[in-house]
Amino acid sequence: LTLAVAHVDHGIVATSAAVAAQVREMAARYGVPVQMRSLGLGPGTSETKARRERYRVLRGLQVESRARYLVTAHHADDQIETVLLRLLKGSGVAGLAGIPWVAPRGLVRPLLPFRRGELAAWVEGADLPVFQDPTNADLKGERAWIRHELLPRLRERFGDRVDQRLLRLVDHAARERRAWSAVLRSLPDLALRVEGGAASLAREPLRRYPDDLAQVLLRGLALEVGCVVGPTRGARLLRFARQASSGRVAQLGEHWVAELVFDRLRLLRRCRSAVLPS
């Protein structure tokens, strides 16, 4: 593999420019090319918006550099916090599968098997520079509150095995997701197609299937292209697929759309250009 570093300066904390300089220096130390982008989002930016903008830019850099893979450093503790947050928000099974190891368009997360403490020890041993993001300690953020308040209380009550139980829940939910993906492919009347960043199926069978089965199949269709559709949006999507006429488009959030093209329902992502100036 030929490696390159991509860094997004969100412009949320005052020290972000210094962090970008650290990244540039470390990339030079290892002889790895680096691409930098600055966003200037401001200190009041939510976790959700920062994540959405970060991935928008990273995907743009991936396209610009013609990179096959986009690799992020999510680890097992990120997974635990994610599934607990989604559990508290009433997520469906797809959401409880947490952060996928492999996602569409070459997104991979090779550090998911490792705990935060393991990685911190490795970084210390390798004498790498470290930046502690102050927003990670701000309890106004949902994830920070789960990390510093809720999880310690759960561990106090149930022991450290609560972490393994949450990771086991992720594994169970991921198996469910894979099973429904297999069902999509095993029903020939659905005529599943996944191509060019879009997934589609024949809409007529959705009129014959029971509501619960049809909704699960639609959520599975969305996952084929990396879109997570929960129960509420799944019900709305099913009504659209069954009742709307060809040529209609439904917004699914975060630039995901569903469109009806004659006898097929198609899901894809439409967004503005992802490449920003330096």
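In what follows, the accompanying structure is described. From a predicted model like this one, the values you see are computed outputs, not experimental measurements. (Residues numbered from 1 in each chain as written. Predicted model: local features only at pLDDT ≥ 70, side-chain atom pairs only at ≥ 80, totals over all residues. Heavy atoms only, no water.)

## Description of the overall build of the chain
Now for step 1: Each helix and strand counted, the chain has 10 helices and 10 strands in total.
Now for step 2: Its C-alpha radius of gyration of 21 Å places the chain within 12% of the 19 Å reference for a compact globule of 278 residues.
Now for step 3: The buried share among the 278 residues of the chain stands at 40%.
Now for step 4: A fraction of 62% describes how many contacts in the chain between residues 6 or more apart in sequence connect residues 24 or more apart.
Now for step 5: On the chain, roughly 16,100 Å² of surface is accessible, and the fraction owed to carbon and sulfur atoms is 55%.
Now for step 6: Counting 45 positive and 29 negative side-chain charges, the chain places the averaged centre of each group 6 Å from the other. (Helix = DSSP H or I, 4+ residues; strand = E, 2+ residues; numbered from the N terminus. Rg over C-alpha atoms; globule rule 2.2 N^0.38 Å. Buried < 20%, exposed > 50% of the residue type's maximum accessible area, 1.4 Å probe, protein only. Contact = heavy atoms within 4.5 Å. Areas by Shrake-Rupley, 256 points an atom, 1.4 Å probe, with all protein chains shown as cover. Lys, Arg positive; Asp, Glu negative; His and termini not counted. Charge placed at Lys NZ, Arg CZ, Asp CG, Glu CD.)

## Describing the pattern of salt bridges
When their charged atoms lie close together, side chains carrying opposite charge are able to pair.
Now for step 1: Within this structure, the stated rule accounts for 18 salt bridges.
Now for step 2: Asp77 is the salt-bridge partner of Arg116, the closest N and O atoms lying 3.6 Å from each other. Of the two residues, Arg116 sits in helix 5 (residues 116-125) while Asp77 sits in helix 3 (residues 76-88), which places them 39 residues apart along the sequence.
Now for step 3: Here Arg116 falls in the partly exposed class, since its relative accessible area comes to 30%.
Now for step 4: Its relative accessible area of 7% is what places Asp77 among the buried residues.
Now for step 5: Of the charged contacts, one joins Glu224 and Arg185 as a salt bridge, the two residues approaching to 2.7 Å between their closest N and O atoms. Note that Glu224 is positioned in the loop between helix 9 (211-223) and helix 10 (231-243) and Arg185 in helix 7 (residues 161-186), a separation of 39 residues in sequence.
Now for step 6: Looking at Glu224, the relative accessible area reads 15%, which means it is buried.
Now for step 7: One network of salt bridges, in which partners are shared, links Asp77, Glu81, Arg115, Arg116, Arg143, Arg147, Arg155 and Asp163. (Salt bridge = Lys/Arg side-chain N within 4 Å of Asp/Glu carboxyl O.)

## Observations regarding the pairing of strand 8 (residues 249-253)
Now for step 1: For strand 8 and strand 9 (residues 256-261), the ladder comprises 4 bridges, and the chain directions are antiparallel. From the neighbouring strand, Gln251 faces strand 9, where its bridge partner is Val257.
Now for step 2: Count of turn residues in the strand 8/strand 9 antiparallel hairpin: 2 residues, of which Glu254 carries a positive phi of about 50°. (Pairing = 2+ DSSP bridges.)

## Considering unusual backbone geometry
Now for step 1: The backbone phi angle of Arg105 is positive, close to 60°, even though this residue is not glycine.
Now for step 2: Note on placement: Arg105 falls in the loop between strand 4 (102-103) and strand 5 (107-108).
Now for step 3: The backbone phi angle of Ala191 is positive, close to 50°, even though this residue is not glycine.
Now for step 4: Tracing the backbone shows Ala191 in the loop between helix 7 and strand 6 (193-195).

## Overview of the sheet that holds strand 9
Now for step 1: The strand order across the open sheet built from 5 strands is 6-7-10-9-8, with neighbouring strands paired in antiparallel fashion. Where the open sheet ends on each side, the last strands, each with one partner, are strand 6 and strand 8. Mean inter-strand twist for the sheet, computed between neighbouring axes without regard to direction, equals 20°.
Now for step 2: Sheet topology places strand 7 (residues 198-202) next to strand 10 (residues 264-269); 4 bridges connect them, and they run antiparallel. Looking at strand 10, one finds that Ala199 is bridged to Leu267.
Now for step 3: Each of strand 7 and strand 10 touches helix 9; the most contacted strand, strand 10, lies at about 40° to it. (Axes fitted to C-alpha atoms, helices over the stretch in contact; angles between N-to-C directions.)

## Some remarks on the packing of aromatic side chains
Now for step 1: Applying the stated criterion across every chain yields a total of 0 aromatic pairs.
Now for step 2: A cation sits over an aromatic face here: Arg157 above Phe158, 5.5 Å from the ring centre. (Phe/Tyr/Trp six-rings, centres within 6.5 Å; stacked < 30°, edge-to-face > 60°. Lys NZ or Arg CZ within 6 Å of the ring centre and 35° of its normal.)

## A short note on a positive patch on the surface
Now for step 1: On the surface, Arg157, Arg161, Arg165 and Arg168 cluster together into a patch of positive charge.
Now for step 2: Considering every element that reaches the positive patch, the biggest residue donor is helix 7, with 3 residues.
Now for step 3: The residue Arg165 is located in helix 7 in this model. (Patch = residues over 30% accessible without salt bridge, like charges linked within 9 Å, V, L, I, M, F, W, Y side chains within 5 Å.)

## Brief notes about the nonpolar core
Now for step 1: In this structure, Leu206, Leu237, Phe240, Ala258, Leu265 and Leu267 are the most contacted members of the largest nonpolar core, which totals 26 residues.
Now for step 2: Among the secondary structure elements, those contributing two or more residues to this core are strand 7, helix 9, helix 10, strand 8, strand 9 and strand 10.
Now for step 3: Sorting elements by how many residues they give to this core places helix 9 first, with 5 residues.
Now for step 4: For Leu265, the contacting residues outside a window of four places in its chain are Ala199, Ser200, Leu201, Leu206, Leu218, Leu221, Leu237, Phe240, Ala241, Ala258, Glu259 and Leu260.
Now for step 5: In terms of nonpolar packing, the next biggest core, distinct from the first, is built from 13 residues, Ile80, Leu84, Leu166 and Val170 among them. (Core = buried A, V, L, I, M, F, W, Y, C linked by side-chain atoms within 4.5 Å.)

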